[in-house]
Each structure stands twice: as C-alpha cells, then as structure tokens.
Amino acid sequence: MKIADIKLMLDRAGAEDLPLLLQRFAADHRAGVRKMIESYKNRHNRDMLEAERLDKMLFFERKYSDRYAAICGVDEAGAGPLAGPVVAAAVIMPAGLTIEGINDSKKISDKKREELAGQIFEAAIAYQLAFVDNDEIDEINILQARLKAMKMAVEGLDTTPDFALVDGNARPKLEIPLVTIEKGDSKSHTIACASILAKVARDKLMEEYDAEWGEYGFARHKGYGTKEHLEALKIHGLCPIHRKTFIKS
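Small disclaimer: the values here were computed from a predicted structure and weren't measured.

1. Considering the sheet that holds strand 1 (residues 71–77)
- Judged by pairing direction, the sheet is mixed, and its five strands sit side by side in the order 3-2-1-4-5 without closing on themselves. A single partner strand is all that each edge strand has here, and the edge strands are strand 3 (126–132) and strand 5 (178–181). The average angle at which neighbouring strand axes cross in this sheet is 20°, direction not considered.
- Relative to strand 5, strand 4 (residues 163–167) runs parallel, the two sharing four bridges. Paired with Asp 167 across the strands is Ile 181, a residue of strand 5.
- Sitting on the sheet, helix 7 (residues 142–155) is in contact with strand 1, strand 2 (86–92), strand 3 and strand 4, with an inclination near 30° to strand 2.
- Across the face of the sheet, helix 8 (residues 189–212) comes into contact with strand 1, strand 2, strand 3, strand 4 and strand 5 while running at roughly 35° to strand 1.

Written out as structure tokens, the structure reads:
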C-alpha cells in the first residue's frame, strides 16, 4: 500500500478506530510510514489527554445536574487594571457538551480566546455580559463592582438558570442557589466559558478606548499597570476611564 493511501486512512479514522490502524501499520518498516505512525500516535495521545481534561472540567456540572436543569457559569474580567470597567459574563451551556481547548482565559492566547468565544456564542443556550464602569468602581469599590457585574450578567440571561457556578470565593446576591469555586475557570467548563467571554469582551472594549486615548497604550496592556502605562500616566495624567482609587500618586 502506498504511503499516501495509509495517510488517507489515518486521516479519515475516528478516535476509536485510529489505535487499531496504528497497530496494523506498526510492522511497516518504511521510514516514511514509521515517522507518520509516530506522529499520529502522539496526536492521538494528546487528543486523549485533552478529552480527559475536559471530562474532568464537567465535575461540578455533573455534581449538581441531578437537582438543577439549567446551570450557568459566572466569571468576571478586569478586577486588577488601573483603567476601564470590570466585565462579567454568565453562560448556560448544553449539558455534557465540551469545546476543545476551553480553559482558564488567562492560559489561552488572544487569537485562541476569540476563536473559542465564537464557538461558545454558537453553542450556548444563553449568555449575557455586564459592565460596571470605572466611576462606579471608584464609588462602590472593586469587590462590590465585581459582585454587581456578576449579578447583572446572571439576571440578564434570556433563559432563567436554576443554579450558578461562580468563580472565586465572593458570593453575588442572586435569587438562585450558587456555589463558589476558587480557580473555577480551570475546574469548571461552564465557568471557563464565562471567563473567555468576559475577557474577550473587555479586551475589545479597551482596544476601542485606545482609539480615543492612544497615548496610554490601552490596546496593548488593556489598562493593567505595566511600565508603559505608568510612564504614560506620569506624562499625561489621568483620562476619563482611569480608576482614581487605584492610582495613589
């Protein structure tokens, strides 16, 4: 059999059939086949590890699914920056569904986050974003702003959830039962989806702000206290989206 024909068979094989095919061609001594078999074997192992990781991320969803039908994940982005809003997202995903690559948004590249956000939007039963701006953050403090944004996101869902999985250890005042999960964006698939939506939405908004206040470099650092941002503050002072309570001098 030609090497190209073997490759075609491997390409078309499903996850269950691939190990059998790899075993079938393992005795082929041609260098091209051996190299190809090793490559597909490594890819299959990576796929199996990813499937196992994603399955573990459904632990909390499964734990509460016998009592609650519609479970939403809740997370926020932007607690630490010196400028811009805090953004929360709430999302309800179909039971048992996982999206390859879903993880804590901080562990994913910008390009991958945007790609995954599109898949989440397409697959979600319901999702909602909520924003609390810098002026309100200064007025009520960042913790209360985070909790308010999360509450707004949950209450804005088109489908009313029965239960919420919330990232962190702070509890928003919701009308439904909830559980908080520290580092939940790496432990719960649904929270991770919310984390990605919140991060992508906030980053895009900061890029829009950059068009108006380009001297601060918001498109690059998204409002965080980088050296570039601090130097710009020394030169230009504060702009309307800066959090005054975050900047002491």
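Next comes the rest of the account.
2. Points about the layout of surface pockets
- When its volume is computed, the largest pocket comes out at roughly 380 Å³.
- Together, 21 residues line the largest pocket, and Glu 76, Asp 104, Lys 106, Asp 167 and Asp 185 are the ones closest to its centre.
- Secondary structure elements with two or more residues in the lining of the largest pocket: strand 1 and helix 8.
- A per-element tally of the lining of the largest pocket places helix 8 first, with four residues.
- Tallied by class, the residues present in the lining of the largest pocket amount to three nonpolar, six polar and twelve charged.
- As a volume, the second largest pocket reaches approximately 260 Å³.
- Taken together, 17 residues form the lining of the second largest pocket, with Glu 61, Met 93, Pro 94, Ala 95 and Gly 96 sitting closest to its centre.
- For the lining of the second largest pocket, the secondary structure elements donating two or more residues are helix 4 (59–65) and helix 8.
- When residues of the lining of the second largest pocket are assigned to their parent elements, the largest contribution, three residues, is made by helix 4.

3. Considerations on the environment of Lys 151
- Topologically, Lys 151 is positioned in helix 7.
- For the pair formed by Lys 151 and Arg 171, sequence separation is 20 residues and the distance between their alpha carbons is 9.5 Å.
- Here Lys 151 is in contact with Pro 172, Lys 173, Leu 174 and Glu 175, once residues within four sequence places are set aside.

Parameters at a glance
- Residues numbered from 1 in each chain as written.
- Predicted model: local features only at pLDDT ≥ 70, side-chain atom pairs only at ≥ 80, totals over all residues.
- Heavy atoms only, no water.
- Pairing = 2+ DSSP bridges.
- Helix = DSSP H or I, 4+ residues; strand = E, 2+ residues; numbered from the N terminus.
- Axes fitted to C-alpha atoms, helices over the stretch in contact; angles between N-to-C directions.
- Contact = heavy atoms within 4.5 Å.
- 1 Å grid on protein atoms, 1.4 Å probe; cavity = no way out; pocket = protein on both sides within 12 Å on 5 of 7 lines; lining within 4 Å.
- Points joined across faces, edges and corners; volume = space filled by probe spheres on them.
- Nonpolar A, V, L, I, M, F, W, Y, C, P; charged D, E, K, R; others polar.

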